[in-house]
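Structural characterization, general
The chain contents come next:
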Amino acid sequence: MAEIRKDLLRDTWIIIAKDRALKPNDFPINKEGVHFSGNDKVCPFCAGNEIHTPPEIAAYRDKLSRANSPGWTIRAIPNKYSAFSLQNELKIEHTGINQSRTGVGQHEVIIETPEHDSELHEFNTDKIELVFKMFQERYLALANDARIKYIQIYKNRGIFAGASLVHSHSQILALPMVPEVNKGLPKYYEMHSDCLICNIIAQEKALGSRVIYEGDEFIVLSPYASRFAYEIWVLPKKHQAHFGNITVNERQELAFIVKQVLGGIIAILGNPSYNIAINSAPINSGKEKAYHWFVEITPRLIVTAGVEVTTGLYMNPVSPEVATQIFKEEMAILLKE
C-alpha cells in the first residue's frame, strides 16, 4: 500500500510507494537520458567559439588572455534568449483582476568548462569548487541590486532535465519577485518560531534511516517526502539563509560531496538526466530569518504525468528509505577509491 507523506518544505503531499520499489534498471528513460539528436558540430560554449555568445560578464581565465577569447576555465555570460534585463525599469500594473510587471532581472549562463565532452561529475574537486565560487560571486553581485528579490541557481543535465545543449553549463536566474517555492519554510517559522530545515536535520540524524552521508559542514539525505525517485538533499548543518554567505571550507566540502553524489547517481541509475538546484532565501526583502539554503539533486527517471499536472501531487515509485540504502552502499565504494 502506498503512503501519502506531507512535504513540509513545499507544503504539499507526496505519494510514496512503500511495499514495492522500482529498481534502477526498471526506469524507461534513464539509459538515453542525456542523448541529443540535434547537430552539435558548432557549440557556442566551446573554447574558440566565444563570438557565438553574448559578451562575458565574468570569467576565470589566463592572465594574458583577453575577454571573450580562448584561455578561460569558467565563463559567465548573459542568456542569449533571456526574457529579463537589468536595464528595464520596474513597473507594476493592474488591469482589472490581473497584475503584471516588467521583466526586470537577469538570466545568466555559467559555462563550466571550455571542453565540450567534460562533465561536472568528471571534474576534480578543485574544479567543482571553482564552479561554486563563480556561483557565489555572481549571486552576491546580483543581490546588490535592490530590485532583485530572489536568485535561483540551477543545472539541467540531459534532455529529460530540460537541457538544450550538451556542453556542461549551469544557469542563474535573478527575479524581481519571490516565486511560490519552498513556501513551507516561512509557514513553519510563523507557527513554531524555528527553522524547519534545522529541525529536519536534527530528526533525520536521530533516526538515521534516510541519512546517506554526514560531513563536518553538510548532511546528505533522501528527503522524507521525496518528489522524485532517488532525490537527494545536501543540507548545511549551520543555519544560514543565503548561499552567497558560505565560507571557503563550506564551498570545498560541498564540492567534494556533490562529486561523490553525482558519481553515485551516474553509477547506480545508468547515466540519467538530472537537475541540481541551489535554493536560497529571498533577498532585499527582510524575510530571510525563516530560510535555510540547501541543494537538491533530482535524477529525472520518469516524465511528469497527468496526476502531477492535474493535482500537483507527485508519485514516487521508490521510497527514500530504499534509495538511502542503495546510495550509502555506492557512496562507501566511491569514498574508498
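Residues numbered from 1 in each chain as written. Predicted model: local features only at pLDDT ≥ 70, side-chain atom pairs only at ≥ 80, totals over all residues. Heavy atoms only, no water.

Topic: the overall build of the chain
From N to C terminus, the chain includes 6 helices and 15 strands. For the chain, whose C-alpha radius of gyration is 20 Å, the value lies close to the compact-globule estimate of 20 Å for 337 residues. Along the three orthogonal principal directions, the C-alpha set of the chain runs to about 60 × 55 × 40 Å. Within the span of the chain, comprising 337 residues, buried residues form 51% of the whole. Partitioning the contacts of the chain with sequence separation of at least 6, the portion at a separation of at least 24 is 69%. Counting only carbon and sulfur atoms, one obtains 53% of the accessible surface of the chain, whose full area is about 16,000 Å². In the chain, 36 positive and 39 negative side-chain charges are present, and the distance between their average locations comes to 2 Å. (Helix = DSSP H or I, 4+ residues; strand = E, 2+ residues; numbered from the N terminus. Rg over C-alpha atoms; globule rule 2.2 N^0.38 Å. Buried < 20%, exposed > 50% of the residue type's maximum accessible area, 1.4 Å probe, protein only. Contact = heavy atoms within 4.5 Å. Areas by Shrake-Rupley, 256 points an atom, 1.4 Å probe, with all protein chains shown as cover. Lys, Arg positive; Asp, Glu negative; His and termini not counted. Charge placed at Lys NZ, Arg CZ, Asp CG, Glu CD.)

As for the confidence of the model for the chain
The predicted model of the chain averages 89 in pLDDT, with 91% of residues at 70 or higher. Looking at the elements of the chain, mean pLDDT is at its lowest for helix H5 (residues 306–311), recorded as 69, and at its highest for strand S12 (residues 232–236), recorded as 98. (pLDDT = per-residue confidence, 0-100.)

Here we look at helix H4 (residues 248–269)
An ideal rise of 1.5 Å per residue puts 32 Å on 22 residues; H4 measures up with 31 Å between its terminal C-alpha atoms. Of all 22 residues that make up H4, 16 are buried, and the element is covered over most of its length. Where H4 ends, the next residue or the one after it, Gly270, has phi of about 75°, a positive value. (Expected span 1.5 Å × (residues − 1).)

Topic: the packing of helix H1 (residues 125–143) against H4
Across the interface, H1 lies against H4 with an axial gap of 8 Å and an inter-helix angle of 120°. With respect to H4, the element H1 is oriented oblique. Considering how the two elements wind past one another, H1 and H4 form a crossing that is right-handed. Here Thr125, Ile128, Glu129, Phe132, Lys133 and Gln136 of H1 lie close against H4, whose contacting residues are Arg251, Gln252, Leu254, Ala255, Phe256, Val258 and Lys259. The residue makeup of the contact of H1 with H4, split by class, is 6 nonpolar, 3 polar and 4 charged. (Axes fitted to C-alpha atoms, helices over the stretch in contact; angles between N-to-C directions. Parallel < 35°, antiparallel > 145°, perpendicular 65-115°, else oblique. Left-handed = near helix turned anticlockwise from the far one by under 90°. Nonpolar A, V, L, I, M, F, W, Y, C, P; charged D, E, K, R; others polar.)

Thoughts on the pattern of salt bridges
Working definition: two side chains of opposite charge can pair if their charged atoms are close together. With the rule as written, the count across this model stands at 19 salt bridges. A salt bridge links Arg147 to Asp145; its shortest N-O distance comes to 2.8 Å. Residue classification places Asp145 among the buried positions, given a relative accessible area of 18%. With a shortest N-O distance of 3.4 Å, Arg227 and Glu296 are connected by a salt bridge. Of this pair, Arg227 sits in the loop between strand S11 (218–221) and S12 while Glu296 sits in strand S14 (residues 294–300), placing them 69 residues apart in sequence. Taking relative accessible area as the criterion, Arg227 reaches 15% and is therefore assigned buried. Among the residues examined, Glu296 registers a relative accessible area of 7% and is labelled buried. (Salt bridge = Lys/Arg side-chain N within 4 Å of Asp/Glu carboxyl O.)

Some points on the packing of helix H2 (residues 184–192) against helix H3 (residues 196–207)
Running from N to C, H2 and H3 point in directions that differ by 85°, and their axes come no closer than 9 Å. Taken together, the axis directions place H2 and H3 in an arrangement best described as roughly perpendicular. Judged by residue contacts, Gly184, Leu185 and Tyr188 of H2 engage Leu196, Ile197 and Asn199 from H3. Taken together, the residues of the contact of H2 with H3 break down into 4 nonpolar, 2 polar and no charged.

Details of H2
Along H2, the residues classified as buried are Gly184, Leu185 and Tyr188. Along the long axis of H2, the arc covered by the buried residues comes to 100°, so they all point the same way. Buried residues along H2 sit against H3. Ser193 sits one or two residues past H2 and shows a positive phi near 55°. (Arc of directions from axis to C-beta.)

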